[in-house]
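Read off the chains here:
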Amino acid sequence: MKKIVFALPGNEILTEILIHKEKAEKGFIEIRAFPDGETYVRILSDVKDKKVILVCTLHNPDSKLLPLYFMAKTAKELGAKTVTLIAPYLSYMRQDTVFQPGEAVTSTYFAHIISSMADTLITIDPHLHRRSSLSEIYTIPSRVEHAANHISSWVKYTIENPILIGPDSESEQWVSEVAKNANAPYIILTKVRHGDRDVEISVPLIEKYKDFTPVLVDDIISTGRTMIETIKRLKTAGMKPPICIGVHAVFAGNAYQEILNSGAKEIITCNTIPHESNRIDISDLLLI
Ligand code: R5P
């Protein structure tokens, strides 16, 4: 089946890489806002009987969701055989339970919407914490890839004498993997989140790692509070300024600059979300 790949707005760079690597046809679309703020979508390429691939990373998802939905539905309407969504960053994974009475479990509802528009989903390191797999909420087949090997290679070839540090228990799944492949030790800290921008981090005894280069690894960097609080604790413990690595460069507000200001030596991310900190190319994980 012929493949045709479309970039939703903001996904052009990664899409070009994928088209080049896949030797696939490039799809053309027109997406713009009507004067009243509603979205206009037009597919300019022929999609009939083709495998349509939509590339749309989903940070700041609310404004991306409707154009994506309209694109997927139009492709089907125009005779596409299948619609595959490549969402390198999959949003709405963190509200996966009811913490306070009356809250919406948005990860479930978001999954319903995506499952109703695409036939397949491909993503990288979705935030699976209380859920063990996407199939618990997504009713379409999904392929989950992991950035750990790419991060380990970067660490192995770039950092001398690294100690990998995970800020919380959830991070152990990827930090242990990164550490194993980079032949480096790792430690996991304890985090308690009191609010969106209020986290408390406890660091165990790390005296013996004073001569190491601390490398913090997390899946998502959003407000940056997790990184900033960890950096503070490491400073107090007499550690060197750390390298902060995030898979997904969400960086809410001024988070990127705030982390640098708090004493990070460098911030490195994967290109699941376009950002100036992207240094680790994970595009090969997204090939179909
Ligand atoms: C949550 O548990 C994740 O693994 C990250 O630690 C978290 O999303 C980071 O968020 P923030 O940058 O807002 O502290």
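Residues numbered from 1 in each chain as written. Predicted model: local features only at pLDDT ≥ 70, side-chain atom pairs only at ≥ 80, totals over all residues. Heavy atoms only, no water.

Trainee: Which residues make up the site of the ligand, and what values go with them?
Mentor: Among the 15 residues in the neighbourhood of the ligand, the closest are listed as Arg94, Glu170, Asp218, Thr223 and Thr226. Contact between the ligand and arginine 94: an oxygen atom at 2.6 Å from a side-chain N or O atom of the residue. Isolated, the ligand exposes 380 Å² of accessible area, and the fraction of that covered by the protein chains is 96%. Breaking the shell around the ligand down by element, the ones donating at least two residues are strand 11 (190-195), strand 13 (213-221) and helix 6 (225-236). A per-element tally of the shell around the ligand places strand 13 first, with four residues. Class assignment of the residues belonging to the shell around the ligand gives a composition of two nonpolar, five polar and eight charged. (Near = heavy atom within 4 Å. Polar contact = N/O pair within 3.5 Å; in protein donor to acceptor, adjacent residues only side chain to side chain. Areas by Shrake-Rupley, 256 points an atom, 1.4 Å probe, with all protein chains shown as cover. Helix = DSSP H or I, 4+ residues; strand = E, 2+ residues; numbered from the N terminus. Nonpolar A, V, L, I, M, F, W, Y, C, P; charged D, E, K, R; others polar.)

Trainee: Break down helix 2 (residues 62-77) for me, with residues and values.
Mentor: Under the 1.5 Å per step criterion, the end-to-end length of helix 2 is 24 Å for 16 residues, consistent within 8% with the ideal 22 Å. Turning to helix 2, its buried residues number three or more, namely Lys64, Leu65, Pro67, Leu68, Met71, Ala72 and Ala75. In the core, the buried residues of helix 2 are packed alongside strand 1 (3-7), strand 3 (29-33), strand 4 (39-43), strand 5 (51-55), strand 6 (82-87) and helix 3 (106-117). Glycine 79 sits one or two positions beyond helix 2 and adopts a positive phi of about 100°. (Expected span 1.5 Å × (residues − 1). Buried < 20%, exposed > 50% of the residue type's maximum accessible area, 1.4 Å probe, protein only. Contact = heavy atoms within 4.5 Å.)

Trainee: If you had to explain the environment of serine 63 to someone new, which residues and values would you point to?
Mentor: With respect to the helices and strands, serine 63 occurs in helix 2. Serine 63 sits in the exposed class, given a relative accessible area of 59%. Considered as a pair, serine 63 and valine 47 are 16 residues apart in the sequence and their alpha carbons are 25 Å apart.

Trainee: Can you tell me about the pattern of salt bridges, naming the residues and giving the values?
Mentor: One pass over the full model with this rule turns up 14 salt bridges. Ionic pairing is found between glutamate 22 and lysine 3, a salt bridge with its closest N-O pair at 2.8 Å. Of this pair, glutamate 22 sits in helix 1 (residues 12-22) while lysine 3 sits in strand 1, and the two are 19 residues apart along the sequence. A relative accessible area of 17% means that glutamate 22 is categorised as buried. For lysine 3, a relative accessible area of 23% puts it in the partly exposed group. Measuring nitrogen to oxygen at the nearest pair gives 2.5 Å for the salt bridge that ties lysine 26 to glutamate 16. Here lysine 26 is found in strand 2 (residues 25-26), whereas its partner glutamate 16 is found in helix 1, with 10 residues between them in sequence. When its relative accessible area of 37% is taken as the criterion, glutamate 16 is described as partly exposed. (Salt bridge = Lys/Arg side-chain N within 4 Å of Asp/Glu carboxyl O.)

Trainee: An account of the domain arrangement of the chain is needed here, citing residue identities and associated values.
Mentor: Partitioning the chain into structural domains gives domain 1 (3-145) and domain 2 (148-282). Between domain 1 and domain 2, the C-alpha centre-to-centre distance is 28 Å. Taken residue by residue, the interface counts 13 residues in domain 1 and 15 residues in domain 2. Between domain 1 and domain 2, a total of about 1300 Å² is buried, with carbon and sulfur atoms accounting for 60% of that surface. Counting the surface domain 1 buries against domain 2, the share from its top three residues, Tyr89, Asp125 and His127, is 36%. Put simply, domain 1 and domain 2 have one salt bridge between them. Residue aspartate 281 pairs with lysine 21 through a salt bridge whose shortest N-O separation is 3.9 Å. Counting the contacts that link domain 1 with domain 2 gives six residue pairs in polar contact (both at pLDDT 80 or more). Split by residue class, the side of domain 1 that touches domain 2 holds five nonpolar, five polar and three charged. (Domains from an automatic or database assignment. Buried area = accessible area lost by both parts, 1.4 Å probe.)

Trainee: Account for the sheet that holds strand 5, with residues named and values stated.
Mentor: A sheet is described by the order of its strands in space; here six strands give the open sequence 2-1-5-6-7-8, paired in parallel fashion. This sheet does not close on itself; its edge strands, each paired only once, are strand 2 and strand 8 (142-145). Here strand 6 pairs with strand 7 (residues 120-124) via four bridges, running parallel. The residue bridging isoleucine 86 from the neighbouring strand is isoleucine 122, located in strand 7. Most of the contacts of helix 2 go to strand 6, to which it runs at about 155°, and overall it touches strand 1, strand 5 and strand 6. (Pairing = 2+ DSSP bridges. Axes fitted to C-alpha atoms, helices over the stretch in contact; angles between N-to-C directions.)

Trainee: So what's going on with the sheet that holds strand 16 (residues 278-280)? Which residues, and what values?
Mentor: As summarised here, the arrangement of the six strands in space is 10-9-13-14-15-16, forming an open sheet in which the pairing is parallel. Lying at the two open borders of the sheet, with one neighbouring strand each, are strand 10 (186-188) and strand 16. The average angle at which neighbouring strand axes cross in this sheet is 35°, direction not considered. Examined bridge by bridge, strand 14 (residues 243-249) and strand 15 (residues 266-270) share four bridges and lie parallel to one another. Looking at the pairing, isoleucine 245 lines up with isoleucine 268 of strand 15. Lying on the sheet, helix 5 (residues 172-181) is in contact with strand 9 (162-166), strand 10 and strand 13; it crosses strand 10 at an angle near 170°.

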